[in-house]
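# Structural overview
In case you want the letters, here they are:
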Amino acid sequence: MGLIYVRLSTFNNSGLAWIEFELELQENLGKASTFGDGLSFDQRRSDSDAISSDSFAEYSREFEPYDRLLFRNGKVDPLEAVSFSFLVTDFTPTDEFYLVLDPRIPSS
């Protein structure tokens, strides 16, 4: 329990460019994280130097009713990789949590 530093590398094998990338923390898979579960993208700090990506220039965090981190202003072409770094605070009573990945493609 406490603070976890995460460095995630993801390979785009979708055949389409990603123009945004969202990550969502969930204590129970398929259910939004709530304020009371103790799980967040370092919610206690308003601006975090630990949040970064090598392919996206900006990010925003949404804490309630979800714990989401959205990277934007960038692109990951097919067959390329992207890296993300961030902190997760975990004061939950459970041993595991889920990180749901949602790459975004351009709409037509």
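The structure this text deals with has already been given above.
Along each chain, the written sequence defines residue order, and numbers are assigned to residues from 1. Reporting of local features is limited, given that this is a predicted model, to residues whose pLDDT is at least 70; pairs of side-chain atoms are given and counted only at 80 or more, and all residues count toward the totals for whole chains, interfaces and linings. Neither water nor hydrogens contribute to the side-chain values; these are computed over all heavy atoms in the structure.

### Topic: the overall build of the protein
The condition that has to hold: A run of H or I in DSSP becomes a helix once it reaches four residues, and a run of E becomes a strand once it reaches two; helices and strands are each numbered from the N terminus. Three labels apply to residues, based on accessible area from a 1.4 Å probe with only protein chains included: buried if under 20% of the type maximum, exposed if over 50%, partly exposed otherwise in between. Should any heavy atoms of two residues lie within 4.5 Å, those residues are counted as being in contact. The accessible surface values rely on the Shrake-Rupley method and a 1.4 Å probe; as for residues, cover is taken only from the protein chains in view.
Counting its regular elements, the protein contains zero helices and eight strands. The order of α-helices and β-strands along the protein, N terminus first, is β-β-β-β-β-β-β-β. For the protein, the C-alpha atoms occupy an extent of roughly 40 × 30 × 20 Å along the three principal directions. Burial statistics for the protein: of 108 residues in total, 39% are counted as buried. Taking contacts inside the protein between residues at least 6 apart in sequence as the whole, the part at least 24 apart equals 73%. Carbon and sulfur atoms make up 51% of the accessible area of the protein, which totals about 6300 Å².

### Quick look at the sheet that holds strand E2 (residues 20–26)
Definition in use: Strand pairing is assigned whenever DSSP identifies at least 2 bridges connecting the two strands. Working convention: axes come from line fits to C-alpha atoms, limited for helices to the stretch in contact. Angles between N-to-C directions cover 0 to 180 degrees.
Sheet architecture is open: four strands sit in the order E5-E6-E2-E8, paired in antiparallel fashion. Sheet topology places strand E5 (56–62) and strand E8 (98–104) at the edges, where each strand pairs with a single neighbour. Along the sheet, successive strands turn relative to each other by an average axial angle of 15°, direction set aside. Across seven bridges, the pairing between E2 and E8 is antiparallel. Within the sheet, the bridge partner assigned to Glu 20 lies in E8 and is Arg 104.

### Examining the packing of aromatic side chains
As a reminder of what qualifies: For Phe, Tyr and Trp, rings pair up if their centres lie within 6.5 Å, where Trp contributes its six-membered ring, and each pair is then called stacked (planes under 30 degrees apart), edge-to-face (over 60) or tilted (otherwise). Two limits define a charge over a ring: the Lys NZ or Arg CZ must be within 6 Å of the ring centre, and within 35 degrees of the ring normal.
Taken as a whole and judged by the stated rule, the model has six aromatic pairs. Members of the aromatic cluster, each reached through a chain of ring pairs, are Trp 18, Phe 21, Phe 56, Tyr 59, Phe 71 and Phe 84. Above the ring of Tyr 66, the side-chain terminus of Arg 68 is found at 3.5 Å from the ring centroid.

### Some words on the pattern of salt bridges
Test applied: Just to be clear on terms, a salt bridge is a Lys or Arg side-chain nitrogen sitting within 4 Å of an Asp or Glu carboxyl oxygen.
The final tally for this structure, using the stated rule, is eight salt bridges. Here Arg 68 ties to Glu 62 by a salt bridge, and the two come within 3.9 Å at their closest N and O atoms. Taking relative accessible area as the criterion, Glu 62 reaches 33% and is therefore assigned partly exposed. Close ionic contact of Lys 75 with Asp 77 constitutes a salt bridge, the shortest N to O distance being 3.3 Å. With relative accessibility at 27%, the residue Asp 77 sits in the partly exposed group. Counted as one network, the salt bridges with shared partners bring together Glu 20, Glu 22, Glu 24, Glu 62, Arg 68, Asp 102 and Arg 104.

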